[in-house]
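Understanding the architecture of this molecule
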Amino acid sequence: MKSVKNIKIKSRHLLLIFAAICVILMGLSLLSKMTRGPFRVIAGYTVVPMQKGLNHIGRWTVDVTQNFQTIKELRTENKKLQKQIDDLTVENGELALNQKELERLEGLYKLDQNYADYEKTGARVIASNTSNWFDVFTIDKGKKDGIKPGMNVMAGSGLVGIVTETGPNWASVRSIIDDTSYVSGMMLSTGEKCMIRGDLRLIGSGKIRFEDLPVSDAEIEKGEQVVTSYISNKYLQGILIGYVSEIKTDKNGLTRHGTITPAADFSDLQDVLVITKTKVELDKQNNKKD
Amino acid sequence: MNRYRFIIKILIILVAFLAQSMLFGSISFASVRPNLLLIITALSGFMIGEKEGIWVGFVCGLFWDISSGELIGYYALIFLIIGYFNGRFHSLFFDEDVRLPLTAVAVSDLVFGLIVCVTQFFLRGRFAFGTYLFRIILPELLFTVLVTLMLYPLIIRYSRFAYDFEQRRSGKFV
């Protein structure tokens, strides 16, 4: 009986000690981002290589099983694509003409920056986070590859998220559909600004919310393109976020809200593009120019 | 505690963590995954005792903290408290009855879900409790309990083996 009692007291002490360690760690990581440093490095050399390996194996098995199914599909697709190439060649000729005209007009308006033309580097998604509550994922490039926190991440033509943290060989990305994500956006045709926030309630339907769009005469229709706005200090300007799928006027009659279908396909995210310049760096450059 | 058991436990936690963050070919959002780290924490506490629950919970939580979230120590604290309270009910444990361990895991997962819901969502002013409950907490709970049920025979076999091994080493049966 005595020994059992001893263990009980000890385990309570143990609880207090460990709880104190946790509280201290939390305090430290609130005070400075440096606290995560050692953990980051440890994770970079232990867990991340394993995740990379597992991801490799996972992809390989999926590939092998899919290979057999896809040969037939490929043949039909090939025919289709061949046709598409013909169509596109014709279209390309037309576009080249348009491009020249655009350059001329851009020159007129002194728009020397082509926003969609940021330099990018490809990266692979190697792990999602463990939680069901948040949408953060890990990519296989980090500090060594020049990735820095604050860099924007895209998939295809659409915005996916932002790099929040980097380790030596990995970086974690918070996606725009995460509940804590806020992006300052803009309706492409009217230039009106709105706030785009991830919402856990909408994740099932694959949509994100937008809010605080001022009510104006300009009609916004479904399918309107939404891009990142120039006032954001984290997101580069002019990256496509998605298309308006629903729009309603708020009760106050001054602002509108609604949902956006993201341009990036979040249901099957494997390869992403990281824009290798952050907004902060770009702003600094522009200030120097001025 | 025995050195071998410690190493094996760490390995089990590592495997669970990798499985939980694995992508199965591609990432898919809006899907619910079982909370394997919580199973380990809850069962360690419930089957072995308070101390085991505390340190296993701490390690599991730390893994979680590193993989997501900005605060180091936040999930570690939640997990170690869950481990400790499971340990408080260790005296009820009887390894041929699967219902109690399942209940322990279920209650732990529910508590975990509610804590995350309150601290990470309510405190930010997002009160869609119904959605959170039916879209995340309950599906996760069901899935986690199901996985526990499937893994339970394996867990029991391992724990009996570990127990025998330790007894033999300490020379009680020799």
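Along each chain, residue indices are assigned from 1 in the same order as the chain's sequence is written. The naming scheme follows written order: chains are lettered A onward, ligands numbered 1 onward. Residue-level local features of this predicted model are given only where pLDDT is at least 70; pairs of side-chain atoms are given and counted only at 80 or more, and the full residue set underlies all totals for whole chains, interfaces and linings.

A short note on the overall build of chain A
For clarity, the cut-off: For helices the rule is a DSSP run of H or I covering at least 4 residues; for strands it is a run of E covering at least 2, with both sets numbered from the N terminus onward. We compute the radius of gyration over the C-alpha atoms and compare it with the globule rule, which gives 2.2 Å times the number of residues raised to the power 0.38. Exposure is read from a count of other C-beta atoms within 10 Å of each residue's own; the residue is exposed at 12 or fewer, buried at 20 or more and partly exposed in between. C-beta atoms are placed from the backbone. Here, residues touch in the contact sense if the C-beta positions derived from the backbone fall within 7 Å of one another.
Secondary structure assignment for chain A yields four helices and twelve strands. The C-alpha radius of gyration computed for chain A amounts to 24 Å, which surpasses the reference 19 Å derived for 290 residues by more than 25%, pointing to a less compact arrangement than a globule. The C-alpha extent of chain A, read off along each of the three principal axes, is 90 × 55 × 45 Å. Within chain A, the proportion of its 290 residues that are buried is 32%. In chain A, the share of contacts with a sequence separation of at least 24, taken over all contacts with a separation of at least 6, comes to 58%.

With respect to the overall build of chain B
A tally of regular secondary structure across chain B gives six helices and zero strands. Along chain B, helices (α) and strands (β) appear in the sequence α-α-α-α-α-α when read from the amino end. Relative to the 2.2 N^0.38 estimate, which gives 16 Å for 174 residues, the radius of gyration of chain B is 17 Å and therefore close to what a compact globule would have. For chain B, with 174 residues in total, the buried portion stands at 44%.

Some points on the environment of K248 of chain A
Residue and element names in this part refer to chain A. Following the sequence through the fold, K248 ends up in strand β10 (residues 240-249). The class for K248 is exposed, based on 9 C-beta atoms found within 10 Å. Spatially, the C-alpha atom of K248 lies 14 Å from that of D217, the residues being 31 residues apart in sequence.

Focus: the domain arrangement of chain A
Residue and element names in this part refer to chain A. Here is the rule we go by: Start and end points for every domain follow an automatic or database-based domain assignment. Each residue gets one of three labels, nonpolar for Ala, Val, Leu, Ile, Met, Phe, Trp, Tyr, Cys and Pro, charged for Asp, Glu, Lys and Arg, and polar for the others, Gly among them.
Assigned domains within chain A: domain 1 (2-44) and domain 2 (119-290). Inter-centroid distance (C-alpha atoms) of domain 1 to domain 2 is 35 Å. Among the residues forming the side of domain 1 that touches domain 2, the class breakdown is two nonpolar, one polar and one charged.

Details of the interface of chain A and chain B
Across the contact, 46 residues belong to chain A and 42 residues belong to chain B. Mapped onto the side of chain A that touches chain B, the elements with two or more residues apiece are α1 (2-31), α2 (36-45), α3 (47-109), β1 (120-128) and β2 (136-139) of chain A. By residue number, the principal contributor to the side of chain A that touches chain B is α1 of chain A, which donates eleven residues.

Quick word on the packing of helix α3 (residues 50-67) of chain B against helix α4 (residues 74-88) of chain B
All names here are of chain B. In plain terms, the rule: Only the stretch in contact is used when fitting a helix axis, every axis being a line fitted to C-alpha atoms; angles between N-to-C directions are given from 0 to 180 degrees. Should an angle fall under 35 degrees it is taken as roughly parallel, and over 145 as roughly antiparallel, whereas 65 to 115 is taken as roughly perpendicular and any remaining angle as oblique. Handedness of a crossing follows from how the near helix is turned relative to the far one, being left-handed for an anticlockwise turn of less than a right angle and right-handed for a clockwise one.
As a packed pair, α3 and α4 sit with axes 7 Å apart at the nearest point and diverge in direction by 155°. Accordingly, the angle class assigned to the pair α3 and α4 is roughly antiparallel. Crossing angle aside, the handedness with which α3 passes α4 is right-handed. Class assignment of the residues belonging to the contact of α3 with α4 gives a composition of 15 nonpolar, six polar and four charged.

A look at the confidence of the model for chain B
All names here are of chain B. Defined as follows: For every residue, the predictor assigns a confidence score, pLDDT, that lies between 0 and 100.
Averaged over all residues, the pLDDT of chain B equals 87, while 92% of them reach at least 70. Mean pLDDT values for the elements of chain B range from 88 in helix α6 (residues 129-169) up to 94 in α4. Scored by ipTM, the complex comes to 0.84, with pTM at 0.78.

Here we look at the nonpolar core
To keep it simple, the criterion reads: A set of buried Ala, Val, Leu, Ile, Met, Phe, Trp, Tyr and Cys residues, joined to one another through C-beta atoms within 7 Å, is what we call a nonpolar core.
Core analysis: the biggest nonpolar cluster contains 98 residues, and V160, I241 and V272 of chain A together with L37 of chain B have the highest contact counts within it. Among the elements that line this core, the one with the most residues is α4 of chain B, at eleven residues. Three or more residues apiece are contributed to this core by two domains, here domain 1 (2-44) and domain 2 (119-290) of chain A. Sequence-distant contacts of I241 of chain A, that is, excluding residues within four places in its chain, are made with G158, L159, I176, V183, G185, I196, V226, V227, T228, I260, P262 and A263 of chain A.

Focus: the packing of helix α2 (residues 36-48) of chain B against α3 of chain B
Residue and element names in this part refer to chain B. Two elements in contact, α2 and α3, have axes separated by 7 Å at closest approach and are oriented at 170°. As far as their axial angle goes, α3 and α2 are roughly antiparallel. For the pair α2 and α3, the contacting residues are L37, I40, T41, S44, G45 and I48 in the first and E50, E52, G53, V56, G57, C60, F63 and W64 in the second. Class assignment for the residues of the contact of α2 with α3 results in seven nonpolar, five polar and two charged.

Digging into helix α1 (residues 3-20) of chain B
Residues and elements named next belong to chain B. The condition that has to hold: How far a helix is expected to stretch is found by multiplying one less than its residue total by 1.5 Å. For this quantity, the arc is that covered by the directions from the helix axis to the C-beta atoms.
With 18 residues, α1 ought to run about 26 Å at 1.5 Å a step, and its terminal C-alpha atoms sit 26 Å apart, in line with that. All of the buried residues in α1 are K9, I13, A16, F17 and Q20. Relative to the axis of α1, the buried residues are bounded by an arc of 100° and lie together on one face. Exposed positions of α1 whose direction lies more than 90 degrees from the buried face are R3, Y4, I7 and L11. Looking at the buried residues of α1, the elements they touch are α2 and α3.

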